[in-house]
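Observations on the model geometry
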Amino acid sequence: AMLAPAAPRLAGRHILVTAGPTHEPIDPVRYLANRSSGRQGFAIAESLARLGARVTLVAGPVALPTPPGVDRIDVETAREMAAAVVAALPADAAVMVAAVADWHVAAAPQKMKKGDALPVLTLAENPDILAGVARGADRPRLVVGFAAETERVVEHAVAKRLRKQADWIVANDVSGDVMGGAANAVHLITADGVETWDRLPKAVVADRLAERIADALSGAA
Ligand code: CTP
Ligand code: CA
C-alpha cells in the first residue's frame, strides 16, 4: 500500500515575516531609505511557505515578486509597518528581517525648493517593531530578529537579543556586499550560544532558518 504523504512541517502555523527597507518621506517627492533589497526576508518567507506555514509578509518598498503561497502586505514607512504587523498578529512565530528606518523625518507638506533656505532635516525615532512584538500581549512563541552590523558583529547582536527580548538574533556583517547581494554569512544567536554559518546563498540561509523554526515550533529545539 502507498504511504500517506507526511503533513508539511509547518502546516497549521502562522508566521509573520517583515522584509525590505522602509521609506521615510522628507517631502512629497523625497525620502530617507537604506540599502536593504528585501531578498533575505523574501527568501525566508518563501522557505516557510514551502514548509506549509501560512505566511504573512509585511514588505517595505522592494522590487521583488511575491513568493508562491505568501500573503503580502506592502507598506512604505516604519510606522505603517508597525501597524501592519500588529494587525497581522497573532502568529506562532515572527521573523523580523526588515531594515526598518530608525528615524522618520518631520516632512514638509510641499516639495522643498532649491531657492529656499538650505533645508535642515529634523528626525524623530521610529517605533521598534521587534521589541514591541516581543514584549506585547500577543507575543508569538518564537520571535526572531536580524541584526545588521558593520563591526563587533556578535557582540552587538548578543546585546540586541537581550535588549529586544528576542529569542533568536540572526546577525550579519553588512560591511561588505551583503545588502543587495545574493549571499549572506550569518551568526545564529540563541539563549544557548552562537552558531556561525558559512557564507551561503540567501536561499540556503532561508531554508536552514526555516527548518530551525520548524524544529523550535515542534518542540525539538
Ligand atoms: N527593528 C524593528 N524596528 C525598528 C528597528 C529595528 O523591528 N524600528 C528590528 C529589525 O527588523 C531587526 C532588529 O530590530 O530584526 C534589529 O535591527 P537593527 O537595526 O540591527 O537594531 P537597532 O535596535 O535599530 O540598532 P542599531 O542602532 O544598530 O540600528
Ligand atoms: Ca536600526
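As the structure is a computational prediction, the values presented were derived from the model and not from experiment.

Section: the coordination of the calcium ion (ligand 2)
- Those protein atoms acting as donors to the calcium ion (ligand 2) are Asp102 (OD) and Asp102 (OD), and they sit at 2.5 Å.
- Relative to the elements of secondary structure, Asp102 occurs in the loop between strand E6 (93-96) and strand E7 (103-105).

Focus on the pairing of strand E9 (residues 142-149)
- Burial of E9 is extensive: 7 of the 8 residues sit out of reach of the surface.
- Note that E6 and E9 share 4 bridges and pair parallel. Residue pairing in the sheet places Met96 in a bridge with Gly145 of E9.
- In terms of strand pairing, E9 meets strand E10 (residues 168-173) through 6 bridges, oriented parallel. Paired with Val144 across the strands is Trp168, a residue of E10.
- Following the backbone out of E9, through helix H4 (residues 153-164) and into the adjacent parallel E10, one traces a crossover that is right-handed.

Looking at helix H1 (residues 39-50)
- Along its 12 residues, H1 runs 16 Å from first to last C-alpha, staying within 8% of the 16 Å computed at 1.5 Å per residue.
- Of all the 12 residues making up H1, 9 are buried; the element is thus mostly covered by neighbouring parts of the structure.
- Listed as buried for H1 are Gln40, Gly41, Phe42, Ala43, Ile44, Ala45, Ser47, Leu48 and Ala49.
- Gly52 sits one or two positions beyond H1 and adopts a positive phi of about 100°.

Re the side chain of His104
- Mapped onto the secondary structure, His104 falls in strand E7.
- A distance of 2.7 Å separates the side chain of His104 from the side chain of Asn126, its partner in a polar contact.

Some thoughts on the UniProt feature "binding site: CTP" (unreviewed entry) in the chain
- Within the UniProt annotation, "binding site: CTP" (unreviewed entry) is assigned to Asp102, Lys111, Pro127, Asp128, Ile129, Leu130, Phe146, Lys160 and Lys164. The greatest C-alpha distance among the annotated residues, which extend across 63 residues, is 37.5 Å, indicating that they are dispersed rather than converging on a single site.
- When its relative accessible area of 43% is taken as the criterion, Lys111 is described as partly exposed.
- For Lys111, the contacting residues outside a window of four places in its chain are Asp27, Pro28, Val29 and Arg30.
- Of note, Ile129 is situated in helix H3 (residues 129-135).

With respect to the site of ligand 1
- Near ligand 1 there are 15 residues, and of these Met96, Ala98, Leu130, Phe146 and Lys160 occur at the shortest range.
- In the model, a nitrogen atom of ligand 1 is placed 3.0 Å from a nitrogen or oxygen of the Ile129 main chain.
- Here Lys164 contributes a side-chain N or O atom positioned 2.9 Å from an oxygen atom of ligand 1.
- Contact with the protein chains removes 78% of the 570 Å² of surface that ligand 1 exposes when unbound.
- Looking at the shell around ligand 1, the elements with two or more residues in it are H3, E9 and H4.
- Of the residues forming the shell around ligand 1, the biggest block, 4 residues, is contributed by E9.

Thresholds applied
Residues take numbers from 1 onward in each chain, read along the sequence in its written order. Labels are handed out in written order, letters beginning with A for the chains and numbers beginning with 1 for the ligands. The predicted origin of the model limits local features to residues at a pLDDT of at least 70 and limits the giving and counting of side-chain atom pairs to 80 or more, whereas totals for whole chains, interfaces and linings rest on all residues. Processing note: side-chain calculations cover all non-hydrogen atoms of the structure and skip hydrogens and water entirely. Only N, O and S atoms count as donors, using a 2.8 Å limit from the metal and a wider 3.2 Å limit for Na, K and Ca, and since water is excluded some coordination spheres may look unfilled. A run of H or I in DSSP counts as a helix once it spans at least four residues, and a run of E counts as a strand once it spans at least two, with each numbered from the N terminus. Each residue is placed in one exposure class: buried if its accessible area under a 1.4 Å probe, protein chains only, is under 20% of its type's maximum, exposed if it is over 50%, and partly exposed if it falls in between. Two strands qualify as a pair provided DSSP detects at least 2 bridges between them. Throughout, right-handed denotes a crossover for which the path from the first strand over the helix to the second runs clockwise when the strands point away from the viewer. To estimate how far a helix should extend, the number of its residues minus one is multiplied by 1.5 Å. Two N or O atoms form a polar contact when they lie within 3.5 Å of each other; inside protein one atom must be a possible hydrogen donor and the other a possible acceptor, and for residues adjacent in sequence the pair counts only when both atoms belong to side chains. UniProt positions are given in the numbering used here, feature names are shortened, and annotations may be inferred rather than shown by experiment. In what follows, a contact means two residues having at least one pair of non-hydrogen atoms within 4.5 Å. Each residue is tested against the molecule or strand, and it is near if at least one of its non-hydrogen atoms lies within 4 Å. Per-residue and other accessible areas follow the Shrake-Rupley method at a 1.4 Å probe size, with only the shown protein chains counted as cover for residues.

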